[in-house]
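Chains, contacts and geometry: an overview
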Amino acid sequence: MCDDPLLPRPVADALAGYRSLRDVHGVCWGEPPLTYVVQAWATVYLDRRHNYWAAARGQLAERHPGLPPERLEDHLSEVDVEQVVRDALRGDVPDNLPALRLTPEGRTLEARSRVVLGDEPFRTALLLDSSRAEPVEVVVDGTAHTVPPRGAKVVEVARAVTVEGRPVDLSPLVRRAEAASVRVRAGFACRWSVTSANGQGWYPEGAPPKVDAHGAAYFHGDDLVVAVPAEAITVRVARGMEYTSAEVVVTPRPGAETLVELAPERLYDAAARGWYGGDLHVHLNWMGEEPAAPALAAAAQHGEDLHVLNLVAGNVAAERVYDVEALAHWAGKELPWSDERHLARLGVEYRNDLVGHLSAFGLRDLPRHYHTGFQGTADWPPNAAACEELRALGGVTGYGHPFHTAFADDDPPDVVLDRGRDCSAREIVADAALGLIDTLDVLNHSSISGTAAVYRRLIGAGNKLTVTAGTDAVLSFCRRGTASSPPGWERVYANVAGPLTAESYAEAILLGRTFATTGPWLELTVNGHGPGDTLELAPGQRVEIVVSSIGPEVESLEIRTAEGVLAQGPPGRLAATMVTGEPTYVVAVASGGPHPRSFHRSGAYAHTSPVYVDVAGEHVAREADVRWCLAWLDRLEALLREFGTFDHPDQLDDHMNLYDRAREVYRSRLD
């Protein structure tokens, strides 16, 4: 018996192990309770309207009165996460978490009724929310639970609930409906959303119940049958950012199959212009509700028409590296569903929570190390060692989800380098100076504007870095905001010479021929040259700059140089003239507010890599930006001395030596 080409034996065995971890430990798969592990469980029940971190800090402030707000961050792993969920919801009742309110006056069940077909079994999570001053005993399906005073618990219920011996009427949880079915067909793989009037999603048999950052249910494929209630159903079809969407409302007859033929229209065709869009940071498995097989990644890539998919192996909070078995099997090879328009590879996310996470695309083989600094182990060696190893294996390296703090163009480094382990890309200022890192995911799931501000400081200081995009989508999560959104909801488009291969795509990235986007098409020319090019000019020469955009979500275009905004205007086309003086760079930015086409909470955004303008043989090295990078290194050194974990002083010295080498580079640019 031959292995399934999409599920070879080592990968199948690993997947079975992940299912066992999920079955025993739940969503977090038994990972140590770091702050983002705890938050991962909570966000299954929260959406972007609910502020988990504010609720967690509020709980800690009550528990540690008198502790300065900045010190509360050190205790985030201590929170009562079920109570944080209750507090973050602020009375809202999600469709997957009805609430049993236990008050001094009695009890009330609040629920958004779920539609269930025929006599199918029904099970749901249930929030036990007490405002009583004393403990309350609640029996759920025969198991007793004690809810602490003014506390909360989340339990699973299928049959019966009693409070202090009195049964609770569970009929509001469920509405039974006659069954029907719809067959959805576009003629090519797409993303589908099939919902009933209450917003409830319906899925083909075997498809995980995925929900994106907008709260929309979705699945991928074509010519699929979906069991639905025999009532009004909305069918919506989309296909990534290069397409529009379309929808129709149908009312299928009970017991019958209704055909829905619907297709999205193309908004722009990047590949026809030689541009291919990729998502360089996607996890197949990394905790979650439903461990994901490679076939799910294949369906998502084709359903989103995502040209390049980099599935990364990485740990969470302990030694286990998820999907390393897949990496070992397919390292250096295209994944089986690749074709001339779609390329999928296995890569790595190398992780240290103190100095940053970086990813690698195009690896020929497995690295020796995948992480440092977890479970009390040393924050050593510096990430620079990983950069060198991953590059030696053929990888294009870049820092992912770089910065999480709101950060403006004129802010000092202290705003980002505040304290502790928050996974920010702190070492990049050193690695960039030494030429050890290739890219920065300016488009990411965290602070895009903050990352863009840091990026422009880095290139203004003389570093050459390519703009890239990585969503950090996790296919094993079904309901976690952008993490459960489809891969490719942000993309880096690279202008590829010739056919699409891992090598040609990597080359285009290394040459800087890119822009990254939440959806808009963004084009930049400087005297006819595009991103990645360098113009060698004399002082006083005139430069013509043109920016163009496509996409209904764009509200504003900007042309930026090392000195700031050169020109700003409405979407479509923006032109400006510049007379050369000091060496500089030119980038284009497109932006807009929240829009259905953008999954990022801040709205629409696109940013090009630079066209460099060298003048009289000199490359850009703006003094203010160079000194900003030097100040960053000083603050980073202090941060490592305060928060780093090291087995002996030589390990800290390795970091300090790295920063000293970077300082020498920056100081040389001041001469």
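Check the entry above for the structure.
Computed from a predicted model, the values in this text were never measured in an experiment.

Section: helix H13 (residues 649-670)
With 22 residues, H13 should reach 32 Å at 1.5 Å per residue; the first-to-last C-alpha distance of 31 Å fits that figure. Regarding H13, the residues found buried are Gln651, Leu652, His655, Met656, Leu658, Tyr659, Ala662, Arg663 and Tyr666. End-on view of H13: buried residues confined to an arc of 150°, all on one side of the axis. In this structure, H13 carries Pro649 and Glu664 as exposed residues pointing more than 90 degrees from its buried face. Buried positions along H13 lie against helix H8 (383-392), helix H9 (428-433), helix H10 (448-460) and helix H12 (623-643).

Remarks on the packing of aromatic side chains
Per the counting criterion, the structure on display carries 18 aromatic pairs. Pairing Tyr52 with Trp53 gives two aromatic rings, centres 4.9 Å apart and planes at 85°, and the pair type is edge-to-face. With relative accessibility at 4%, the residue Tyr52 sits in the buried group. Classification of Trp53 as partly exposed rests on a relative accessible area of 29%. Three or more aromatic residues joined by ring pairs form one cluster here, namely Tyr268, Trp275, Tyr493, Phe515 and Trp521.

Comments concerning the environment of Cys478
Here Cys478 is to be found in the loop between strand S27 (473-474) and strand S28 (491-495). Each C-alpha atom, one on Cys478 and one on Val579, is 52 Å from the other, the two residues being 101 residues apart in sequence. Leaving out residues up to four positions away in the same chain, Cys478 has contacts with Pro208, Pro209, Lys210, Val211, Glu289, Glu290 and Ser484.

Observations regarding the nonpolar core
Within the largest apolar cluster, 101 residues are counted, with the highest numbers of intra-cluster contacts made by Leu311, Ile428, Tyr505, Trp632, Tyr659 and Tyr666. Counting residues per element, this core draws most heavily on H12, at 10 residues. With residues near it in sequence (within four places) discarded, Tyr505 still touches Tyr276, Gly277, Gly278, Leu280, Val308, Phe361, Val492, Ala494, Val496 and Leu500. Judged by nonpolar contacts, the second largest core, of 44 residues, contains Tyr36, Val44, Val84 and Ala152.

Quick word on the pattern of salt bridges
Enumeration according to the criterion identifies 44 salt bridges in this entry. Ionic pairing is found between Asp223 and Arg185, a salt bridge with its closest N-O pair at 3.2 Å. Of the two residues, Asp223 is situated in the loop between strand S14 (217-221) and strand S15 (224-229) and Arg185 in strand S11 (residues 179-185); the sequence distance between them amounts to 38 residues. Arg185 sits in the partly exposed class, given a relative accessible area of 27%. A single network of salt bridges, built from pairs that share partners, joins Arg239, Glu242, Arg266, Asp269, Asp305 and Arg341.

Describing the sheet that holds strand S2 (residues 106-110)
Reading across the sheet, the 4 strands line up as S2-S1-S4-S7 and stay open at both edges, with mixed pairing between neighbours. With one partner strand each, in any of the chains shown, S2 and strand S7 (152-157) form the two edges of the open sheet. If you compare each strand with its neighbour and ignore which way they point, the axes differ by 20° on average. Direction of pairing for strand S4 (residues 124-130) relative to S7: antiparallel, over a ladder of 6 bridges.

Re the sheet that holds strand S6 (residues 143-147)
Spatially, the 4 strands line up as an open sheet ordered S6-S5-S8-S9, and their pairing is antiparallel. Each edge of the open sheet carries a strand with a single partner, namely S6 and strand S9 (166-167). Bridge count between strand S8 (residues 161-163) and S9: 2 bridges; the pairing is antiparallel. By the bridge assignment for S9, Val163 is matched with Arg166.

Details of the pairing of strand S26 (residues 466-469)
By the alternation rule, side chains of S26 split into Thr466 and Thr468 and Val467 and Ala469, which are all buried. Examined bridge by bridge, strand S25 (residues 439-443) and S26 share 4 bridges and lie parallel to one another. Within S26, the residue paired with Asp441 across the bridge is Thr468. Handedness of the crossover joining S25 and S26 through H10: right-handed.

Notes on the pairing of strand S37 (residues 604-608)
By the criterion of burial, S37 is predominantly enclosed, with 5 of the 5 residues buried. Residues Ala604, Ala606 and Thr608 of S37 are buried on one face, and the alternating residues Tyr605 and His607, pointing to the opposite face, are buried as well. Bridge count for strand S29 (residues 514-517) against S37 is 3 bridges, and the pairing is antiparallel. Bridge pairing in S37 places Phe515 opposite Thr608. Judged from the 4 bridges that link them, strand S36 (residues 584-592) and S37 form a sheet pairing that is antiparallel. Residue Val589 lies in a different strand from S37, and its bridge partner there is His607.

Points about the packing of helix H2 (residues 35-42) against helix H5 (residues 81-89)
The geometry of a pair of packed helices is captured by two quantities: the angle between their axes and the separation between those axes. Contact pair H2 / H5: the axes reach a minimum separation of 10 Å and the direction vectors enclose 55°. Of the possible angle classes, the one that applies to H2 and H5 is oblique. Pair H2 / H5 crosses with right-handed handedness. Of the residues in H5, those touching H2 at Val38, Trp41 and Ala42 are Val81, Glu82 and Val85. A per-class count over the contact of H2 with H5 returns 5 nonpolar, no polar and 1 charged.

Parameters at a glance
- Residues numbered from 1 in each chain as written.
- Predicted model: local features only at pLDDT ≥ 70, side-chain atom pairs only at ≥ 80, totals over all residues.
- Heavy atoms only, no water.
- Helix = DSSP H or I, 4+ residues; strand = E, 2+ residues; numbered from the N terminus.
- Expected span 1.5 Å × (residues − 1).
- Buried < 20%, exposed > 50% of the residue type's maximum accessible area, 1.4 Å probe, protein only.
- Arc of directions from axis to C-beta.
- Contact = heavy atoms within 4.5 Å.
- Phe/Tyr/Trp six-rings, centres within 6.5 Å; stacked < 30°, edge-to-face > 60°.
- Core = buried A, V, L, I, M, F, W, Y, C linked by side-chain atoms within 4.5 Å.
- Salt bridge = Lys/Arg side-chain N within 4 Å of Asp/Glu carboxyl O.
- Pairing = 2+ DSSP bridges.
- Axes fitted to C-alpha atoms, helices over the stretch in contact; angles between N-to-C directions.
- Right-handed = clockwise from strand over helix to strand, strands pointing away.
- Parallel < 35°, antiparallel > 145°, perpendicular 65-115°, else oblique.
- Left-handed = near helix turned anticlockwise from the far one by under 90°.
- Nonpolar A, V, L, I, M, F, W, Y, C, P; charged D, E, K, R; others polar.

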